[in-house]
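This is what each chain is made of:
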Amino acid sequence: MNTHAGTRREQILREASRLFAEHGFLGIGVDQIGAAVGISGPALYRHFAGKEAMLTELLVGISSRLRDGGRQRVTEARAAGLAPDAALDALIAGHIDFALDDRALIVLHDRELNRVPEADRKQVRQLQRQYVELWVEVVREVHPGLAERQARAAVHAVFGLLNSTPHLVRPGAAQDREETAALLHRLATGAFAAAGAADVPA
């Protein structure tokens, strides 16, 4: 029963994310979300307090997963004795998977974060800062001559590149996904290499 509840909850969040991204948070009601998962709108309240709770869990959840997943990739690369560029490659690949598979969450973050309660919004920002600083640390290991502020600027620029996927790929296009993932990886790696090669005083 608990497994089914977890699956149902995840299904509700997945459909809510899609509908919020397509129609806007204010353009979708609980009845429409319920219909998308085959239950009544009021039945959703057995899983969530309301739409705002769904949006909050989506945005806090993905920020936490990105940070924790990034930390795990870096830890595994270091434990395996791999060079720093392997850890950076793993970070890039993990973020590309997110950017291609969870494009609706990118749209929600850009458009609907201000609808999340202030305390949860602060949590999202804190998780994001920790994720950025993880990248900055690894980027500077790969490019030790890069000043911290430059590395941070490069990380934000690469995030902007990778998070452009809602405008790049048709949903469900497997061939496009593979090609786009490879292209984004090359572009991100090239951007960091260009930043590291720049002779800019710290």
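Our subject is the structure listed above.
Residues numbered from 1 in each chain as written. Predicted model: local features only at pLDDT ≥ 70, side-chain atom pairs only at ≥ 80, totals over all residues. Heavy atoms only, no water.

A full pass over the atoms with the stated rule returns five aromatic pairs. With centroids separated by 6.0 Å and ring planes inclined at 75°, the aromatic side chains of Tyr 131 and Trp 135 adopt a geometry described as edge-to-face. With a gap of four residues between them, Tyr 131 and Trp 135 both fall in helix α6 (residues 118–142), about one helical turn apart. Here Tyr 131 matches Trp 135 in class, with each residue buried. Each member of the aromatic cluster is reached from another via a ring pair, and the members are Tyr 131, Trp 135, Phe 159 and Phe 192. Directly above the aromatic system of Phe 25 lies the positively charged group of Lys 51, at a separation of 4.3 Å from the ring centroid. (Phe/Tyr/Trp six-rings, centres within 6.5 Å; stacked < 30°, edge-to-face > 60°. Helix = DSSP H or I, 4+ residues; strand = E, 2+ residues; numbered from the N terminus. Buried < 20%, exposed > 50% of the residue type's maximum accessible area, 1.4 Å probe, protein only. Lys NZ or Arg CZ within 6 Å of the ring centre and 35° of its normal.)

Below, the discussion takes up the side chain of Arg 67. For Arg 67, the position within the fold is in helix α3 (residues 51–79). Classification of Arg 67 by relative accessible area gives buried; the value is 16%. Each residue touching Arg 67, except ones within four places of it in the same chain, is listed here: Leu 127, Gln 130, Tyr 131 and Leu 134. (Contact = heavy atoms within 4.5 Å.)

Let's shift gears to the environment of Phe 98. Relative to the assigned elements, Phe 98 resides in helix α4 (residues 84–101). Exposure remark for Phe 98: the relative accessible area of 9% places this residue in the buried category. Residues Phe 98 and Glu 178, 80 residues apart in the sequence, show an inter-C-alpha distance of 13 Å.

What follows deals with the nonpolar core. Grouped together as the largest cluster of nonpolar side chains are 58 residues, with contacts concentrated most on Phe 20, Ile 33, Met 54, Trp 135 and Phe 192. Counting residues per element, the ones that place at least two in this core are α1 (2–23), α2 (30–37), α3, α4, α5 (103–112), α6, α7 (148–162) and α8 (174–197). Look past the residues within four positions of Met 54 in its chain and what remains in contact with it is Ile 12, Leu 13, Ala 16, Phe 20, Ile 33, Leu 44 and Phe 48. (Core = buried A, V, L, I, M, F, W, Y, C linked by side-chain atoms within 4.5 Å.)

Scanning the model with the defined rule gives 14 salt bridges in all. Salt-bridge contacts for Glu 148 lead to Arg 140; the nearest nitrogen and oxygen are separated by 3.8 Å. With relative accessibility at 40%, the residue Glu 148 sits in the partly exposed group. Because the salt bridges share partners, they merge into one network encompassing Glu 133, Arg 140, Glu 148 and Arg 152. (Salt bridge = Lys/Arg side-chain N within 4 Å of Asp/Glu carboxyl O.)

The subject of this paragraph is the packing of α4 against α6. The contact between α4 and α6 brings their axes to 8 Å, and the two run at 145°. Crossing of α4 over α6 shows left-handed handedness. Between α4, through Pro 84, Asp 85, Ala 87, Leu 88, Leu 91, Ile 92 and His 95, and α6, the contact on the second element is made entirely by Tyr 131, Leu 134, Trp 135, Val 138, Val 139, Glu 141 and Val 142. Its residues assigned to classes, the contact of α4 with α6 shows 11 nonpolar, one polar and two charged. (Axes fitted to C-alpha atoms, helices over the stretch in contact; angles between N-to-C directions. Left-handed = near helix turned anticlockwise from the far one by under 90°. Nonpolar A, V, L, I, M, F, W, Y, C, P; charged D, E, K, R; others polar.)

Turning next to the environment of Gly 70. Within the secondary structure, Gly 70 sits in helix α3. Classification of Gly 70 by relative accessible area gives buried; the value is 2%. When the C-alpha positions of Gly 70 and Ala 90 are compared, they lie 8.1 Å apart, and in sequence the two are 20 residues distant. Excluding residues that lie within four positions of it along the chain, Gly 70 makes contacts with Leu 91, Tyr 131 and Leu 134.

This paragraph deals with the packing of α3 against α4. When two helices pack together, their arrangement is given by the angle between their axes and by how far apart the axes lie. For the pair α3 and α4, interaxial distance at closest approach is 9 Å and the crossing angle is 150°. Classified by the angle between their axes, α3 and α4 sit roughly antiparallel to one another. Between α3 and α4 lies a crossing whose hand is right-handed. For the pair α3 and α4, the contacting residues are Ile 62, Leu 66, Gly 70, Arg 73, Val 74 and Ala 77 in the first and Ala 87, Ala 90, Leu 91, Gly 94, His 95 and Phe 98 in the second. Looking at side-chain class alone, the contact of α3 with α4 contains eight nonpolar, three polar and one charged residues. (Parallel < 35°, antiparallel > 145°, perpendicular 65-115°, else oblique.)

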